[in-house]
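Structural description and commentary
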Amino acid sequence: MKILFETTDIKNTAFNDYSVIVESTSPREPQKIKISGPYIACNVVNANGRMYDLDYFVESVVPEYMNTWVNQKRAYAELNHPQSHVVDPKNASDLILNLTQDGNTFIGESIVLNGDTRLGIPGTPNGDILAAILLRGGRIGKSTRGAVDNPNNKKIDKNNAYNLITVDTVLEPSGPGCWIGDVILE
């Protein structure tokens, strides 16, 4: 399989917002920043000219990713798209907690791997960068990184096997509507 990661020109992407929630239940617990919104867009041509078949993602790709990575608390996203078949934990920015289907989209939820200096809890360098961007109103998106049998075939379906590596946090997502937006403080 060949590595397949999504990049695009920002001017070609739709702008929809994610929810970003900052929560802390007590002064003794670490502050958490969660992001949720569209992570994977299917049955629509993305900015790279690719289309992910919804049926294939529902039946195979997402359940395998959920079982192997998300449910095992090992589904880390990296900041931007490295050209690698593996996720490097030292470059992790957020931990993907869930992916659920909503029409032709998979809605995801992640927790940002930021530190909390009040309690002396370290974050990952990229988690702290992501937190700083989000807390200051910056916009970021989510974009898939995976391996595919035939990268020249723009249709990703059961005839062009695909392995989802992660859904990275990027500046320029290729999937329509895969943007992170306003921060909500709770």
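Reading guide: rules and limits
- In every chain, residue numbers begin from 1 and rise along the written sequence.
- Only residues with pLDDT of at least 70 get local features here, since the model is predicted, and only at 80 or more are side-chain atom pairs given and counted; chain-wide, interface and lining totals rely on the full set of residues.
- The side-chain numbers reported here are obtained from all heavy atoms of the structure, hydrogens and water having been left aside.
- Helix numbering and strand numbering both begin at the N terminus, where a helix is a DSSP run of H or I of at least 4 residues and a strand a DSSP run of E of at least 2.
- Classification of residues uses two cut-offs on accessible area relative to the type maximum, computed with a 1.4 Å probe and protein chains only: under 20% is buried, over 50% is exposed, and between them is partly exposed.
- In what follows, residue pairs with any heavy atoms lying within 4.5 Å of each other are defined as contacts.
- Polar contacts, as used here, are pairs of N or O atoms within 3.5 Å; protein pairs need one atom able to donate a hydrogen and one able to accept it. Residues neighboring in sequence count only if both atoms are side-chain atoms.

1. Section: the overall build of the protein
Assigned secondary structure in the protein consists of two helices and twelve strands. Along the chain direction, N to C, the helices and strands of the protein fall in the order β-β-β-β-α-β-β-β-α-β-β-β-β-β. By residue count, 44% of the 186 residues in the protein fall in the buried class. Restricting to contacts in the protein with at least 6 residues of sequence separation, those with at least 24 account for 68%.

2. Structural notes on unusual backbone geometry
A positive phi angle, near 55°, is found at Asn-43, a position not held by glycine. Relative to the helices and strands, Asn-43 is located in the loop between strand E3 (32-41) and strand E4 (51-52). The backbone of Asn-80 sits at a positive phi, close to 70°, despite the residue not being glycine. Relative to the helices and strands, Asn-80 is located in the loop between strand E5 (76-78) and strand E6 (92-102). Residue Asn-80 is classed as partly exposed on the basis of its relative accessible area of 38%.

3. Quick notes on the environment of Gly-175
By secondary structure assignment, the location of Gly-175 is in the loop between strand E10 (162-170) and strand E11 (179-180). On the basis of relative accessibility, which here comes to 11%, the residue Gly-175 falls in the buried class. Taking the C-alpha atoms as reference, Gly-175 lies 6.7 Å from Ala-47; in sequence the two are 128 residues apart.

4. A closer look at the side chain of Thr-169
On the secondary structure map, Thr-169 appears in strand E10. The class of Thr-169 is buried, set by a relative accessible area of 0%. Here the side chain of Thr-169 touches Asp-94 through a polar contact of 2.7 Å, side chain to side chain.

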